[in-house]
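Chain by chain, the residues run as shown.
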Amino acid sequence: YISGFSGSAGTVMVTADGGPGVLVTDGRYTIQAAQELDASMWKVMQVGARMPTMPEHLRTVLGETPKKIGVDASTVSLGTWRSLEKALHPHTLVALGTSPLATLSEGDASS
């Protein structure tokens, strides 16, 4: 929702510095995502057979310097959380107190 992507499979990462966001999706949706997203604001990364995994893509974007990663915990299972923690080390996952989408919805309602 936040990206404008209408497909049913994707993970979004946005940065605190306002840089381009990342949408990671599988091969079924990469063309659709590239057509729907503003290329100046979003980078589309594909996962799948013989492709980097979602955590590998995120590590590439995050770099080596440890960072805190805010996660909308309402959209991630405990198993996925633990898997991401392990795969993204030395970066640290932090559960967000409020869903970013809920915050956007509230902003829309007050406009």
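Residues numbered from 1 in each chain as written. Predicted model: local features only at pLDDT ≥ 70, side-chain atom pairs only at ≥ 80, totals over all residues. Heavy atoms only, no water.

1. Notes on helix α2 (residues 54-62)
So, step 1. Within α2 the residues assigned to the buried category are M54, P55, H57, L58 and L62. Viewed end-on, α2 has its buried residues packed into an arc of 155°, placing them on one side of the element. (Buried < 20%, exposed > 50% of the residue type's maximum accessible area, 1.4 Å probe, protein only. Helix = DSSP H or I, 4+ residues; strand = E, 2+ residues; numbered from the N terminus. Arc of directions from axis to C-beta.)

2. Observations regarding the environment of A9
So, step 1. Here A9 lies in the segment before β1 (11-13).
So, step 2. Among the residues examined, A9 registers a relative accessible area of 22% and is labelled partly exposed.
So, step 3. When neighbours within four sequence positions are excluded, A9 is seen to be in contact with T25, D26, R28 and Y29. (Contact = heavy atoms within 4.5 Å.)

3. Here's the deal with the nonpolar core
So, step 1. The biggest cluster of nonpolar side chains holds 14 residues, and the ones touching the most others in it are V24, M54, L58, I69, L88 and L93.
So, step 2. Mapped onto this core, the elements with two or more residues apiece are β2 (21-26), β3 (42-47), α2, β4 (68-71) and α3 (78-88).
So, step 3. The residues touching L58, leaving out its near neighbours within four places in the chain, are M13, V24 and L88.
So, step 4. In this structure, F5, L23, A33 and W42 belong to the second largest nonpolar core, which totals six residues. (Core = buried A, V, L, I, M, F, W, Y, C linked by side-chain atoms within 4.5 Å.)

4. Describing the environment of S6
So, step 1. Mapped onto the elements, S6 comes out in the segment before β1.
So, step 2. Other than its neighbours up to four places away in sequence, S6 contacts Q32 and E36.

5. Notes on the packing of α2 against α3
So, step 1. It is at 10 Å that the axes of α2 and α3 come closest, and there the two elements cross at 45°. By the criterion of interaxial angle, the relationship of α2 to α3 is oblique. Once α2 is placed against α3, the crossing between them reads as right-handed. Taking contact as the criterion, the partners of M54, P55, L58 and R59 in α2 are, on α3, L84, A87 and L88.
So, step 2. Tallied by class, residues from the contact of α2 with α3 come to six nonpolar, no polar and one charged. (Axes fitted to C-alpha atoms, helices over the stretch in contact; angles between N-to-C directions. Parallel < 35°, antiparallel > 145°, perpendicular 65-115°, else oblique. Left-handed = near helix turned anticlockwise from the far one by under 90°. Nonpolar A, V, L, I, M, F, W, Y, C, P; charged D, E, K, R; others polar.)

6. Concerning the pattern of salt bridges
So, step 1. What the rule picks out here adds up to one salt bridge.
So, step 2. Notably, a salt bridge pairs D26 with R28, separated by 2.7 Å at the nearest N-O pair.
So, step 3. The class for D26 is buried, based on a relative accessible area of 19%. (Salt bridge = Lys/Arg side-chain N within 4 Å of Asp/Glu carboxyl O.)

7. Describing the sheet that holds β3
Strands in a sheet are paired, the pairing made by backbone hydrogen bonds, and the direction either parallel or antiparallel.
So, step 1. Judged by pairing direction, the sheet is mixed, and its three strands sit side by side in the order β1-β2-β3 without closing on themselves. Only two strands of the sheet have a single neighbouring strand rather than two, namely β1 and β3. Strand-to-strand twist of the sheet, defined as the mean angle between neighbouring strand axes without regard to direction, takes the value 20°.
So, step 2. Relative to β2, β1 runs antiparallel, the two being bridged by three bridges. Paired with T11 across the strands is V24, a residue of β2.
So, step 3. Taken strand by strand, α2 contacts β1, β2 and β3, and its axis lies near 145° from that of β3. (Pairing = 2+ DSSP bridges.)

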